[in-house]
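# Descriptive structure summary
One-letter residues, chain by chain:
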Amino acid sequence: MGLEEKLPSGFLITNVEKLVNWSHHSSLWPATFGLACCAIEMMGTGAGRYDLARFGMEVFRASPRQADLMIVAGRVSQKMAPVLRQIYDQMPEPKWVLAMGVCASSGGMFNNYAIVQGVDHVVPVDMYLPGCPPRPEMLMDAILKLHEKIKQDPLGERRAEERRRQLPVSAYEKPAAAAVRHREEAEQAALPAAPPASPGSSVEPVGAVRA
């Protein structure tokens, strides 16, 4: 690819977090999850005219266990919400959610008992895309903005704690997934807190040798 010609002396200095986030945002695999008319625009975005393959996203996965981006394309009914939550729970971490269109973002024109008024009542949303339906150019712009967000994502326990706070506790959660979440929260609460250091005391690392 000629990348080695751009690097001075063939060396590149970075940290693990930036390298991992670069690999994440450069190879997002969306889940095949179209719900309404927005799905037609999503299909058009993946076709040859717009070509999502430029961003490493041409592989729409039929299995949630092989996907890390859920594009909720269309309105979410009350009957579909538990299915959507189950698919989200089956996706491996790290994972992201893009609400495509005004219906997925806020219920849109369907302000009634049958439609969930925003998919963020079911799963945490990382990027909202307005429009009815949004054009493929708008979806690509939202994906690129999501790439920038992924570049700043924390890793490890910090990310897990952040996602745990964002996850909505809703009636759409499956009992098995709720049991796992409750167990994780109980284990987190049972961890002993570090004792506060007394004023004026100096804490030395274990094994330190005083000069």
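These figures come from a predicted structure and were not determined experimentally.

### Considerations on the overall build of the protein chain
A tally of regular secondary structure across the protein chain gives seven helices and four strands. If you list the helices and strands of the protein chain from N to C, you get α-β-α-β-α-β-α-β-α-α-α. In the protein chain, the share of contacts with a sequence separation of at least 24, taken over all contacts with a separation of at least 6, comes to 78%. Of the accessible surface of the protein chain, which amounts to about 12900 Å², a share of 60% is contributed by carbon and sulfur atoms.

### Some thoughts on the sheet that holds strand 3 (residues 96–100)
Across the sheet, which stays open at both edges, the four strands sit in the order 1-2-3-4 with parallel pairing between neighbours. At either margin of the open sheet sits one strand with a lone partner, and together these are strand 1 (30–31) and strand 4 (127–129). Of the strand pairs in this sheet, strand 2 (residues 69–73) and strand 3 are connected by five bridges, and their pairing is parallel. Across the sheet, residue Ile71 finds its bridge partner in strand 3, namely Leu98. Against the sheet, helix 2 (residues 38–46) makes contact with strand 2 and strand 3, and its axis sits at roughly 135 degrees relative to strand 2, the strand it touches most.

### Examining the side chain of Thr45
Here Thr45 shows up in helix 2. Using a relative accessible area of 0% as the deciding quantity, one classes Thr45 as buried. Leave out the neighbours within four places in its chain, and Thr45 touches Tyr50, Asp51, Leu52, Pro136, Leu139 and Met140.

### Digging into the packing of helix 2 against helix 5 (residues 136–151)
Two elements in contact, helix 2 and helix 5, have axes whose closest approach is 9 Å; the angle formed by their N-to-C orientations is 75 degrees. In terms of orientation, helix 2 and helix 5 fall into the roughly perpendicular class. Packed against helix 2, whose contacting residues are Glu41, Met42 and Thr45, the element helix 5 presents Pro136, Leu139 and Met140 at the interface. Class assignment for the residues of the contact of helix 2 with helix 5 results in four nonpolar, one polar and one charged.

### Quick word on the packing of aromatic side chains
On inspection of all chains with the given rule, the structure shows zero aromatic pairs. A cation sits over an aromatic face here: Lys95 above Tyr88, 4.1 Å from the ring centre.

### Concerning helix 2
Those residues of helix 2 that sit buried are Cys38, Ala39, Glu41, Met42 and Thr45. Along the axis of helix 2, the buried residues cluster in a sector spanning 160 degrees; they form a single face. Away from its buried face by more than 90 degrees, helix 2 exposes Ile40 and Met43. Packed against the buried residues of helix 2 are strand 2, strand 3 and helix 5.

### Structural notes on the pattern of salt bridges
On inspection of all chains with the given rule, the structure shows six salt bridges. Here Lys151 makes a salt bridge to Glu148, at a shortest N to O gap of 3.2 Å. Of this pair, Lys151 and Glu148 are both found in helix 5, three residues apart, which corresponds to roughly one turn of the helix. Three or more residues joined by partner-sharing salt bridges are found here, namely Glu41, Arg135 and Glu137.

### Some thoughts on the side chain of His147
Examined against the element boundaries, His147 turns out to sit in helix 5. Sequence-distant contacts of His147, defined by excluding residues within four places in its chain, comprise His25, Leu28, Phe55 and Met57.

### Describing the environment of Cys132
Within the secondary structure, Cys132 is located in the loop between strand 4 and helix 5. A residue is classified by how much of its surface remains accessible, and Cys132, at 49% relative accessible area, is partly exposed.

### Some points on unusual backbone geometry
Following Glu93, the chain continues into Pro94 via a peptide bond in cis, with omega recorded as -5 degrees. With respect to the helices and strands, Pro94 occurs in the loop between helix 3 (81–90) and strand 3. Here the amide bond leading from Cys132 into Pro133 is cis, since omega sits at -15 degrees, within 30 degrees of zero. With respect to the helices and strands, the residue Pro133 is situated in the loop between strand 4 and helix 5.

### So, the nonpolar core
Core analysis: the biggest nonpolar cluster contains 21 residues, and Leu28, Leu69, Ile71, Leu98, Met100, Leu139 and Leu146 have the highest contact counts within it. Within the residue set of this core, elements represented by two or more residues are helix 2, strand 2, strand 3, strand 4 and helix 5. Top element by residues in this core is helix 5. It accounts for six residues. Beyond its immediate sequence surroundings of up to four residues, Ile71 is in contact with Pro30, Phe33, Met42, Leu98, Met100 and Leu139. Counting 19 residues, the second-largest nonpolar core is a separate cluster that includes Met70, Val72, Ile87 and Ala99.

Rules behind the numbers
- For every chain, the first residue of the written sequence is number 1, and numbering continues from 1 along that sequence.
- Side-chain atom pairs in this predicted model are given and counted only at pLDDT of 80 or more, local residue features only at pLDDT of at least 70, and totals for whole chains, interfaces and linings cover all residues.
- Each side-chain value is worked out from all heavy atoms of the structure, with water and hydrogens disregarded.
- In DSSP terms, a helix is any run of H or I states spanning at least four residues, a strand is any run of E spanning at least two, and both are numbered starting from the N terminus.
- Note on contacts: a residue pair is in contact if any heavy atoms of the two residues lie within 4.5 Å.
- Throughout, the Shrake-Rupley method with a 1.4 Å probe supplies accessible areas, and for residues the shown protein chains are the sole cover considered.
- A strand pair is defined by DSSP finding two or more bridges across the two strands.
- The axes used here are C-alpha line fits, helices contributing only the stretch in contact, and every angle between their N-to-C directions lies in the interval 0 to 180 degrees.
- Burial classes: relative accessible area under 20% of the type maximum marks a residue as buried, over 50% as exposed, and values in between as partly exposed (1.4 Å probe, protein chains only).
- The labels follow the angle: roughly parallel below 35 degrees, roughly antiparallel above 145, roughly perpendicular from 65 to 115, and oblique for the rest.
- Three residue categories are used. Nonpolar comprises Ala, Val, Leu, Ile, Met, Phe, Trp, Tyr, Cys and Pro, charged comprises Asp, Glu, Lys and Arg, and polar comprises the others, including Gly.
- Pairing of aromatic side chains requires ring centres within 6.5 Å, counting the rings of Phe and Tyr and the six-membered ring of Trp. Pairs whose planes differ by under 30 degrees are stacked, by over 60 edge-to-face, and all others tilted.
- In this scheme, Lys NZ or Arg CZ marks a charge over a ring once it lies within 6 Å of the ring centre and within 35 degrees of the ring normal.
- By definition, the arc is the one covered by directions from the helix axis to the C-beta atoms.
- Salt bridge, as used here: a side-chain nitrogen of Lys or Arg that lies within 4 Å of a carboxyl oxygen of Asp or Glu.
- Among buried residues, the Ala, Val, Leu, Ile, Met, Phe, Trp, Tyr and Cys ones that are joined through side-chain atoms within 4.5 Å form a nonpolar core.

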